[in-house]
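# Geometric and topological summary
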Amino acid sequence: MKIDINRALIAVSKTEENFTSTPSFHGINVGFMCYRLALTMGKPEPLCQKALICGLLHDCGVSSQDEIRRLLNDEVDVGVDSQHSIRGYRMLQECAPLRQFARPVQYHHGDWRRARDGGLTEEECFLSSIVNLCDRLDVACRKTRIFDLLQHGQESEIVIEPVYDYLIANSDCAAFYPGILAALHEMIEVDDFWFYFRAHYIETLILKQDLNALFPAQTRQYFIDIAQFFSRIVDNKSTYTYQHSRKVAELAFFIASKMGVDEAGRYQIFVAGLLHDVGKLFTDEEVLNKKGRLDNAEYKTIRRHVTDTRAILRYILDSEKVVTWAADHHERLDGSGYPLRKRAGQLALESRIMAVADVFQALCQHRPYRSSLPLEQAIAIVNDEASGGKLCPEVVAVFNQHARECYRIAT
């Protein structure tokens, strides 16, 4: 099983897209700007690629619609201690393959001199500053409506002076790494820089990069680390589902081990559990966190997350089995599940295990519409689902034998 790291980074860069009503392409734009600016400065290709990656990752800690709206509209005074930067730093620090980008992301709204005083290396200071400047350049382009002109094919009407003037007027120029502002001015004078702002152009540029040399070999732990990173982004979106993905993964792994699934299968089901709700990145947070019963339209919005999970995982993974097991967690043996209404003959053992693990962990966790349930009540509901033909009786029988241990894992 392999993960396409280029595609995974693009997926992370679109985190803020999930908090806006229309695509902003902010993450992918900033990544591209960082790469072009580093090239303009004559930096070696590996450092240019690191700048690209930092740009793609810089907003991975964003957790709400209001937060990204204020950031994109330049409505807050964001310093090095801004919450999304700290969250992003912590998530990256906990992911060994991406740890090298944690400190530049932490300081991407700060003065490069403060970053240096905080113990960052010269390279990290440069990376944090280039992200800071390109982040602000993206905001300046929105404020001066440059992107609107490009979107409507009105390149001839672009005037770059207001972009640079806005940037200078709303920035502490001394806060940027030496030489970086002059290089930016040189970069934005080049027509090709502006003409490249079509999402598929930038995405193709990223996909063509050979980024694997910047990362360790793809061991099993590497894969788990990246999967956990995605699960933290998902769980960070709602306090009510905090650590849900991790606990579902651990439950599925435990039940699979008791059912004789081999080591490779247990590893794959663990990864599927970590990633099973990644589609919730596209779920409206007001629906996700609603207190009270969902109406029909809201329930349909929730149901869509499974299709989104399948699409995202097919984009970044090469294992159709893992994609299927992750995306089957709401399917039921009697065909009453969603989104494909699969029936028993279409559901592998691993998919059935995922369904039981997801249901039980959700019952044991506090949600906006109810409190967490005690063990006995949660067990009763799981068994009712099995006797009613929805959950797999064989999986539930094994679950019953180890219910207290499952409860410990789930809570």
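This section reports on the structure supplied with the text.

Basis of the calculations
Residues numbered from 1 in each chain as written. Predicted model: local features only at pLDDT ≥ 70, side-chain atom pairs only at ≥ 80, totals over all residues. Heavy atoms only, no water. Helix = DSSP H or I, 4+ residues; strand = E, 2+ residues; numbered from the N terminus. Rg over C-alpha atoms; globule rule 2.2 N^0.38 Å. Buried < 20%, exposed > 50% of the residue type's maximum accessible area, 1.4 Å probe, protein only. Axes fitted to C-alpha atoms, helices over the stretch in contact; angles between N-to-C directions. Left-handed = near helix turned anticlockwise from the far one by under 90°. Contact = heavy atoms within 4.5 Å. Nonpolar A, V, L, I, M, F, W, Y, C, P; charged D, E, K, R; others polar. Expected span 1.5 Å × (residues − 1). 1 Å grid on protein atoms, 1.4 Å probe; cavity = no way out; pocket = protein on both sides within 12 Å on 5 of 7 lines; lining within 4 Å. Points joined across faces, edges and corners; volume = space filled by probe spheres on them.

What follows deals with the overall build of the chain. Counting secondary structure elements, the chain contains 23 helices and zero strands. Against the compact-globule benchmark of 22 Å for 411 residues, the chain has a radius of gyration of 23 Å, which places it among compact chains. Principal-axis analysis of the C-alpha atoms gives the chain an extent of 70 × 45 × 35 Å. Burial analysis of the chain (411 residues in total) assigns 57% to the buried set.

Attention shifts here to the packing of helix α20 (residues 349-363) against helix α21 (residues 375-387). Packed helices, taken two at a time, are described by their axes: the angle between them and the distance between them. The contact between α20 and α21 brings their axes to 9 Å, and the two run at 145 degrees. Here α20 and α21 pass one another in a crossing that is right-handed. Note on element contacts: α21 touches α20 through Leu375, Ala378, Ile381 and Val382, opposite Val359, Phe360 and Leu363. Residues of the contact of α20 with α21, tallied by class, amount to seven nonpolar, no polar and no charged.

Relative to the 21 Å expected for 15 residues at 1.5 Å per residue, helix α15 (residues 244-258) spans 21 Å between its end C-alpha atoms, a close match to the ideal helical length. If you follow the buried residues of α15, they end up packed against α14 (220-235), α16 (263-275), α20, α22 (393-401) and α23 (403-410). Directly beyond the C-terminal end of α15, a positive phi value near 80 degrees is found at glycine 260.

We now examine empty space enclosed by the protein. Enumeration according to the criterion identifies four cavities of 30 Å³ or more in this entry. Roughly 50 Å³ of volume is contained in the second largest cavity. Forming the walls of the second largest cavity are Asp328, Glu331, Arg332, Leu333, Leu347, Ser351, Arg352, Ala355, Lys390, Leu391 and Cys392. Partitioned by chemical class, the residues of the lining of the second largest cavity number five nonpolar, one polar and five charged.

Limitation: the analysis is restricted to geometry and does not speak to function.
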